[in-house]
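The primary structure of each chain is shown beneath.
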Amino acid sequence: MTTLALPRCQLLIGGRWLDPEERTRFVTVNPATEQPIAEVSEARAADIERAVAAARKALQTGAWSGCNGAQRGRILHRMAAIMSEELESIALLECVDAGKPVLAARRQDVAAAIDCLEYYAGWADKIDGIVVPARNDALTYVRREPVGIVAAIVPWNFPLMNAVWKVAPALACGCTVVLKPAELTPLSALKLGDIALRAGLPPGALNVVPGYGSVAGQALIEHPGVDKIAFTGSPAVGRLIMRTAASGPRRVGLELGGKSPNVVFEDADLDAAARASASGIFFNAGQVCSAGSRIFVHRARYDEFVDRLVRRASRIRLGDPCAPDTTLGPLISRDQQQRVLDYIERGRQEGATLAHGGGTGCDTGYFVEPTVFADVDNDMTIARQEIFGPVAAVIPFEEEAEAVALANDSSYSLAAAVWTADVSRAHRVAHALRAGTVWINTYGHTDTRLPWGGCGGDSGIGRDLGSAAIENYTELKTVWLHLAARRAATTDA
Ligand code: NAP
Ligand code: MG
């Protein structure tokens, strides 16, 4: 039997595909088949050094930051166009590397990445300064300049989309970037690097360095040449990054976890609420920072809601993510699968009722069935900790104030939802919930034009997307020009 050699991927540094200094490599695996799919160069400290130096060169020579906004916008538009032409193959890449159902990868991940590139392409020539008439004896104005070198560190759950959420606005602002994807899902970030080169991005403006978080990631966050760390990932690593950045101090943006409350009142459209709540927790196998993992339902409709949610869960098609009718793919890794199964066991032990699922549903691949727990108390482990899997905790409540208090009783603050037919209550509750985003009578939407992020604690700080991201990647510079007084006319002629 002949075994086919795995495709090999190199690092993108300074506009060239290079081997790592120590010739280190790792293998990336398809989580649905457990089979290796590519050998990827593993960046270590020496490679991070080269990548930061390349980013610095592109900044200092003005190769990128010196382009005017319209030129930067054109290149970002070209990146979006190439990505659109190759949408199918990129969706397939996310499907085999991250285990995403191909339909979702196409409609969600890649579509959102293209939209994000186009949106920030539009921003590139509209990053204005302002003239502030502070004094009569001066012309005073404020410029927006690129922050400098951005270290973008992203997780495995939306590998391409999360990378583009940082890379697109950073490039639009004239920053240069060193991108470290998660070691579990490096392929779409390398593809993004390839697209950038083909679109004409100058060498060094975007460098892509896959590697382990504790090695490549750590070297990157410790590098004194990095001006801003843009991170999406776990609260533990987020805290470590903030501590490390304090040595600069340097700017950080932290998009971390969630344990989002989804509050269903007695007057809600229960069918719509159950449908959206099911996708709110089962989409991407629950590996979503804003997964609606705590569903609070008014006692009067509680049993009916649980029945509907279980019916929705039972209709989900778990299996090969490359098959067009699959709606639930595997989790990302064996570790992650085991972690989720341990949480399910913990839920049982702490007295919640397992209303649906709880198993793996498949012998090969890192699958977990869509799982519904009823009779959950907000103090149970499955209601406190981020499971990052397809596990819903349904919790009863009786009063509006009680629902708000329970929803806000969490270390997370990323997103929340409220379902009601009462428009006053909808806004009242939306205002009272501590969250960066609140959905009313829907769940889970994000849009490039709208800011996205947490309100502190385990959800992190700062906002991606929208105009907020332009502030993330620009520094304000005040310019003060003295206006000399008119010399008095001489009189001794
Ligand atoms: P993670 O371990 O924090 O990893 C995220 C990224 O950080 C990966 O690229 C990882 O590299 C890297 N990393 C790990 N240790 C590092 C270190 N010491 N220094 C620098 N970088 C380091 O998180 P995860 O478990 O992969 O991702 C899941 C988490 O991300 C969840 O908590 C989820 O809620 C959160 N998340 C949040 C959002 C949001 O928008 N707020 C979006 C998606 C995910 P390796 O993986 O290669 O080791
Ligand atoms: Mg993989």
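About the thresholds
- Residues numbered from 1 in each chain as written.
- Chains lettered and ligands numbered in written order.
- Predicted model: local features only at pLDDT ≥ 70, side-chain atom pairs only at ≥ 80, totals over all residues.
- Heavy atoms only, no water.
- Donors = N, O, S within 2.8 Å, 3.2 Å for Na, K, Ca; no water.
- Buried < 20%, exposed > 50% of the residue type's maximum accessible area, 1.4 Å probe, protein only.
- Pairing = 2+ DSSP bridges.
- Helix = DSSP H or I, 4+ residues; strand = E, 2+ residues; numbered from the N terminus.
- Axes fitted to C-alpha atoms, helices over the stretch in contact; angles between N-to-C directions.
- Contact = heavy atoms within 4.5 Å.
- Phe/Tyr/Trp six-rings, centres within 6.5 Å; stacked < 30°, edge-to-face > 60°.
- Lys NZ or Arg CZ within 6 Å of the ring centre and 35° of its normal.

Distances from the magnesium ion (ligand 2) to its protein donors, Thr-28 (OG1), Val-29 (O), Asp-97 (O), Asp-97 (OD) and Leu-184 (O), fall at 2.4 to 2.7 Å. Coordination of the magnesium ion (ligand 2) draws on donor residues from a single chain, spaced T-V-x67-D-x86-L in sequence. Under the relative-accessibility criterion, Thr-28 is labelled buried at 1%. Note on Val-29: relative accessible area 29%, which makes it partly exposed.

So, on to the sheet that holds strand E19 (residues 437-440). If you walk across this open sheet you meet the seven strands as E15-E16-E17-E14-E13-E18-E19, and the pairing is mixed. Each edge of the sheet is formed by a strand with only one pairing partner; in this case those strands are strand E15 (353-356) and E19. Taking the axes of each pair of neighbouring strands and ignoring which way they run, one obtains an average angle of 25° across the sheet. The pairing of strand E13 (residues 261-264) with strand E14 (residues 294-298) spans four bridges and is classified as parallel. Paired with Pro-261 across the strands is Arg-294, a residue of E14. Sheet strands touched by helix H11 (residues 334-349): E15, strand E16 (371-374) and strand E17 (391-397). Its angle to E16, the strand with the most contacts, is close to 25°.

This model, assessed by the stated rule, comprises seven aromatic pairs. Pairing Tyr-119 with Tyr-120 gives two aromatic rings, centres 4.7 Å apart and planes at 80°, and the pair type is edge-to-face. Seen from their ring centres, Phe-265 and Phe-397 are 5.3 Å apart, and the 80° between their planes marks the pair as edge-to-face. Placement of the pair is Phe-265 in the loop between E13 and helix H9 (270-282) and Phe-397 in strand E17, with a sequence separation of 132 residues. Here the two residues Phe-265 and Phe-397 agree in accessibility, since each one is buried. Three or more aromatic residues link up through ring pairs in this structure, and these residues are Trp-439, Tyr-443 and Trp-452. The ring of Tyr-473 carries Lys-228 above its face, with NZ or CZ at 5.3 Å from the centroid.

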